[in-house]
Every structure is written in structure tokens, then in C-alpha cells.
Amino acid sequence: MRIPDEVIKELESIVGQENVSTEPAELICYSRDFSFIDVREETLPDVVVWPTTTEQIARIVKLANERRIPVVPRGAGTGECGGAMPIKGGIVLDLFKMNKVLEINTKDMWVLVEPGIVGDKLNAILAKHGFFLPPLPASSEMSTIGGNVATNAAGYRTVKYGSFRNWVMGLEVVLPNGKVIWVGSKTRKTSSGYSLTKLFVGSEGTLGVFTKIMLRIHPLPESRMVLTAHYDTIDKACLTIMDVMAGNIFPSAAEIMDRTSIEAVIRYGIELPKSAAIVIIELDGYKRDVERRLVALKEIVKKNEALGTSIGVAEEEQARLWKGRKAITPALASIKPNVIDEDICVPVSRLLDLFKGIEGISKELNIDIATYGHAGDGDLHPDILFDKRRPEEVERAISAVGRLRELTVELGGTITGEHGIGIRRAEWMYLEHTKEEIEVMKAIKAAIDPNNIMNPGKIFPRG
Amino acid sequence: MRCTHCGKCRMYCPTFEYVMKESWGPRGRVFIIEAIQEGRLTIDKGVLDRIHSCAMCKACDEVCESLVKFSEIMKGLRNSLTKQGIGPPDEYKEMANTILRTGNALGEKVRLMDASPLIKKLPDKAPNLLFLGCVISSSYMNIAEAMIKLLMRAGYDFTVIKEGEECCGAFLDLVGLEEEFKDSLEKNRRIFSSIGISSLVAICPFCYGAFLSLGNQLSVQHSTELLVSLLDEGRIELRKEFNAVVTYFDPCHLGRWQGLYDAPRSLIEAIPGTRLVEMERSRQLSRCCGGPIRMAFPRIRAGMSSAILKSAREAGAEYIITACPTCYHNLRIPALRYKIRVCNIEELVAYSAGLLDKI
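Scope of this entry: the structure provided in the associated data block. (Residues numbered from 1 in each chain as written. Chains lettered and ligands numbered in written order. Predicted model: local features only at pLDDT ≥ 70, side-chain atom pairs only at ≥ 80, totals over all residues. Heavy atoms only, no water.)

Quick look at the layout of surface pockets
For the second largest pocket, the calculated volume is near 1,100 Å³. Lining the second largest pocket we find 28 residues, and of these K121 of chain A together with M11, E17, E280 and R287 of chain B sit closest to its centre. For the lining of the second largest pocket, the secondary-structure elements that each account for two or more residues are α4 (119-128) of chain A together with α1 (14-19) and α16 (298-314) of chain B. (1 Å grid on protein atoms, 1.4 Å probe; cavity = no way out; pocket = protein on both sides within 12 Å on 5 of 7 lines; lining within 4 Å. Points joined across faces, edges and corners; volume = space filled by probe spheres on them. Helix = DSSP H or I, 4+ residues; strand = E, 2+ residues; numbered from the N terminus.)

Brief notes about the interface of chain A and chain B
Listed per partner, the contact involves 32 residues of chain A and 30 residues of chain B. Contact between chain A and chain B buries roughly 2,600 Å² in total, counting both sides, with carbon and sulfur atoms accounting for 57%. Taken as a group, I28, R32 and E141 of chain A account for 21% of the area that chain A buries against chain B, more than any other trio of residues on that side. The interface formed by chain A and chain B contains six salt bridges. Across the pair E23 of chain A and R50 of chain B runs a salt bridge whose closest N-O atoms are separated by 2.9 Å. Where chain A touches chain B, the interface holds ten residue pairs in polar contact (both at pLDDT 80 or more). (Contact = heavy atoms within 4.5 Å. Buried area = accessible area lost by both parts, 1.4 Å probe. Salt bridge = Lys/Arg side-chain N within 4 Å of Asp/Glu carboxyl O. Polar contact = N/O pair within 3.5 Å; in protein donor to acceptor, adjacent residues only side chain to side chain.)

Things to note about the sheet that holds strand β8 (residues 341-344) of chain B
Strands in a sheet are paired, the pairing made by backbone hydrogen bonds, and the direction either parallel or antiparallel. All names here are of chain B. The four strands lie next to each other as β6-β5-β7-β8, forming an open sheet whose pairing is parallel. Single-partner strands in this sheet number two, and they are β6 (274-277) and β8. Between one strand axis and the next, the sheet turns through 35° on average, direction left out of account. Relative to strand β7 (residues 319-322), strand β5 (residues 244-249) runs parallel, the two sharing four bridges. Of the residues in β7, the one forming a bridge with F249 is T322. (Pairing = 2+ DSSP bridges. Axes fitted to C-alpha atoms, helices over the stretch in contact; angles between N-to-C directions.)

Section: the side chain of T416 of chain A
Summarising the element assignment, T416 of chain A is placed in the loop between α14 (391-410) and α15 (429-432). On the accessibility criterion, T416 of chain A (14% relative accessible area) is buried. (Buried < 20%, exposed > 50% of the residue type's maximum accessible area, 1.4 Å probe, protein only.)

Spelled out as C-alpha cells, the structure:
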């Protein structure tokens, strides 16, 4: 699509010339995000805009709506499913400059922020007040809160504290018609009207632009402890996880690594016991309570025939035990240079079946898959490994993607636990949702965004 | 390239920190390079600006989880473009000519003989050479004098090139003029050979790095390394107190480029009364002052220097100690605005050795 010059001029009058760009060098950067090779479309936006106030965004969106120009809100562009890719052209709103912490309320325990603030930067500020934001994802060093809210992001601690949806109390949203509304409540609970907050969280930029975000915050725990255990079969590791989740352990993290990821990390240079599986469990809370739960946890681990365990109490020891899990991404490059990361999530009772199914797909398609993830949530990241210089290997990798999603749904799961639909999973929605359910979603979208300007082409299958 | 486009580098890139637009960060520059390679982008002035505004600080190399050595990719790209007659910015082409004409990157042909009365006291020949470099010889002889006084006090047998010190050419290598850099290096190699020295100590990290490549013919040290040895041997004594809270600023070309983080810190810690604090981002994660892009991208460079000064203030420091004349130059003037003072490591050590009355 082509945007008329007078619209560009109008945008410049709203945010200033230096915050509008149609330079090819800039547009090319905003045609992509962190998505993988299976997203083949690469459309340039027509213009990139860097707003810093709600008023600017309201004026921009109103203008776009009148002229039927697509608007694509963008945080740090670290999403993996193409949510920030402007596949219909139009205006990309880069919100990274809009990054202030507006208010911290420690009495009612919330913080009000602008969408462009990076998760870890917010947590560093909260720590000074004795609080933290639990659901931050693994990308929190670079991803923005706005993006996290738009995708209903989740992280290591979600197994205890829930995803972003549990932590968003309210939002200031610029609707596709340019009007600004506030949704949500400053109270701990409300039954007043439809929960628009819960609708907007995870809407992937298709219903409006978040200009202010009110988040619950949690007091930092008195203590944390990490336990790792390794096993000679994946079965025993899965049983451990299931027993932990079914007991009164309440882990604040329950992660798993399979043999392939363990071997890759060892090759990368980090010491790990060579084994079929490693679990990493974190406990947090009052010291005495953590110690008591640790006793119960050790019993579960022993019962499930762990070959060995390690416990980290001091911060450096905890960090050392997390090192292997956190090094998986770079370590996998030692197997194959390219990766597609999936995000399949099943009920915890089906965890072992999921592992077996992944193994089957890997053998059948003759493609390396390293699996690890948030086992306590039943959410695994099977990383499909390939060399993009070999076209037929690429095709096998992409086939694996589809097979993994089919497997997940067969086991009663969801095709995405935390990453979102975007472009990459849009055509797979019918695998998980009925036609009727999607019709309701589409009706809501049409009601809020009748001209379909807000991040068009995302979430909904074309059919 | 194994870049997965994860975006982590954005959080450490000094040009991205200031501009906050994707194309002015490492991931954006990767997108641009990939687009050029795949024929999706033609090289225009905007593209060249993104390519040449990278300060080659290596912060992205340091943090990249896919182990991409972006600074090498950037260097290779700049050289390849230059050979095709594309770039570098005019300011750098000028500098290459200036170096050829005057032997000094700043265009000031300096006879060290005339630059300081101390130089006259040095012998005409010695086995060890103190190399000053363009920035010091043209603008900051105070740093040179501090170092010369220290070496004299230590009884170190050295001299300088009293006439005809030639630019090391390091800057040229950064901007895609590697042939011109090789010429400068060769010129210097011949000078060193003709005056017959066995070791060289450089105050400027750029010179240090450039001459390290002559390492098999010459022993090369940075000034702080030599000062630490002299201190350890008891040839310099630091008695005078300097009662202040200071922070040390790691120059990119000493720290990330050469792995030299500890020697300057040992010196500071040896000074009585001085308390060393670290900035939030120090050592391998320290920020870049913007030196290499100062001429062509002054606004970005100013933003980069400001971020460092702000961080030093937040760390509670009254002084920033530098070990690079370019960093010293970039930080000095804006420092006034941040109510913090900039001091060079050689001057600080000379002061504590009783060789300078004040800093």
C-alpha cells in the first residue's frame, strides 16, 4: 500500500519530523521481528513512527482509521510469531521511546508504566522498593511490557504466579477509532461489567494500542532455593514434575531439559551430568517454609529414582544451577546453525506423552529436536534444529512444526502456551478452536475495529 | 550469519541507547546487511550512515548469545564497500589524507621536541620507546608529561620520537581503510626498526592495539601495565593521598578489544585515600564514549558520553578516571554539566607519586 504524502506530513506534525521515517534503511528493519524461517512474508511498512504520548497515538490512530491505513504497534520486536510484522504495510508504531514508570504504589501494590519499558529495567526499579513482577518471560532483558501484555507472556515463575493476564489490573487503550478508554480497576477484584482488561491482554495489537499499563506487583520473597535432579529416563523426570505439581510444593519454577539439550549445553562448556533429563525446581517464600517444602521435594525426587541432586541456597549457587537451563539457546548452535522454537502446552498429566510424541516426530522426519521448558505448566519448547542452507532440511523442519502442533491438540493441549498466534499460527487456529468460537472472536474484532486497521492479518485464519 | 534477531544486543549498543530506532542498533544493522546481501536494499546515504555510525565498541559481540562477532562483520563490510568506492564518510576520507600529509590524525604536525621542555631532557636513543600518539601530542601534553615524569622517577631507560612521530593509523582500520592502515603501520615499523628499540609503551589504547600486531618484532605494553610493574618493583611509590570517590571508565580499545581491565584498577587501588566504585555497566559491559564516530556523528557521540557521565554520577563518583586520551577528550567538557571531574590515570598516579602539585 502507499500512504499519501499529506498523511506523512500530518504524522510529522503530530510527533515531529525526527520521529517519522520513510527511509529504506529504517523500513527494512521494521519489516521483521524475531520470527523464524517459516514466516515467508516480508512486507515493508510505509512509515515508522516513534510516539511518546497517548495524545499523539490517539491522533495517529484516528487518522489511520479515517484513511483505512493499517497500524502495527511494536515493542522491542522480539516476538517469534510475526505479531509485529507489518504484512499489510501501513504505519508501524515503535513504542520503545514511550518507557516511563509513572507511579509505584506500594500500599495497594501496583505500578503504572508506559508500554515501552523493558521488563528487566522495571524489575530493577521495583527491587529497590522490595517488589518484583513475577511473570516476566525469558526475553525480559530486551522485551517490553507492552509486548508482554499484548502476547499474555509467561516465564519461569508462571508455574506459581500465573501469566501476564493475572498481573494486569488496568490499561489505558487507544481504540481503533482513536478514542481513549481506561479499562480495569485499582481494586484487587471486581465484578463490574465485562472484563475488557482480560480481553485486551493477549490481543496481539489487534484491538488497540496500550498507552498505560497498570500491573500488580508482588513482595520479594524472603528466600529462594533451587534444586536440580538428573535421571536416566525422561519418564522419571516427568513423574517427578507431576508429583511436584500435585503436592503442596508450590514451586516458583519447575523446568525440564531433555538429553539433546543437556548434551548441547555440555558441549558448549557448561558442566552438567550426562543424563536423559534434568529438572530444575525453585522454591520461594519464608525461609522456614521453603526448608520444609524442600524436605517434601527431596522425598519426591528420591521416590522417582533421581540419579543425583544438587541444591543451591546462596545466590551464586542458585545462579550456577540455573546456568545450564539458561544456556540452551546459544548451546544449540553447536548441533545445527538454525532453529525453529515451538511452544506447545498440554495438561501436566500428559507431559510424558508429549515427550514421547516429540521423540517420534524427530525420528520419523529425521530431524534433530531439543526439548526443554516449563514442565510444571505442561509447556514445552521443542527446538527444531536444521541448516537453512539445505532446502530439503528446511522443509522437514517446517513439517515438524505442523506435526508438533497436531500432536499437542491430540493430547488436549494448546498450540501456544505463551508466545501467541501472530502470523505463524493463524492457519492452525482451527486445529484448536471450533468455527463457532472463532466466529465469536471475529465478531468482537469487527465490533471494536470495523475497518480492520489494527494489526491486520494476525491471529485469524484466512478461511 | 547465525544472528537469530533476538534483539539482546539492542540493550547494550551505545548508538541504539541514544537514538532508540532499530536501524541504529546492531540487530537493525544486521537486518540491513542481510537485506543488502539478499538484494532487497540498495545502498544509499541512509544505509551508509547506519553502517558508519557503529562505533565498533564490541559490546554487541560481548553479549550475543549466538556468538556472532558483529564487529568483524562490520569491519569486513566497510572494507569491502570502500574497495568498491562506496564510503567511508567524507570526514574519514579527509582524515586519511591528513594523516598522509602531516603524520597526525588531527592535522597538527607536532615536533615533540617543541611540545614540552621535558622532552629535551630525554636521551636521543634508548631501548624503550614511549609512544604518545596524535591526540596527546596535539592536545594533551599534560598526560604525556605525567607519564614522562613517572618513568624518569622510576629510572626507566626510555625516550620518545622527538621529531617525526607518525600516526599509528588505528582509526583507519576501523572505518574501512585497511590498506591505509597497513601503510601507517608499515611506516611505523620501519621507524622503530631504524631507531632500534626493543620495547614500546603506548598511552593511547588505539596505538597500543595497532602496535600489538607488530608483537613478534617488538614487545608492546600499555602505560598502565608498565606502571603496575614499576609499582610492584618499588620503583615508584604512591605516598600522597587523593581523598575522593572515583570510578574507572574502561576504554573499549583497552577493555573489550584487548582484555585489559585490571591494571588500571590496581593502580587506583594503590593510591592512598581513594575509594574506587564501579559504574552499573563496567568492564566487559562498559559503555563507549563515542570516540570513533565523533567526527561524522557528533550528536550521537555527545549522547553516548552523557550516558557515561550520568552513570558515574549515579555510582557516587566525584571523578571519572580514564585511560585513553580520546575518552578523556570526549568526557571532559560535558563532565562539567554533570558535576563530575575527569582525570587521566597517568596524572592521578603522578600526583600520588608527588610529581604533580594538583590534578
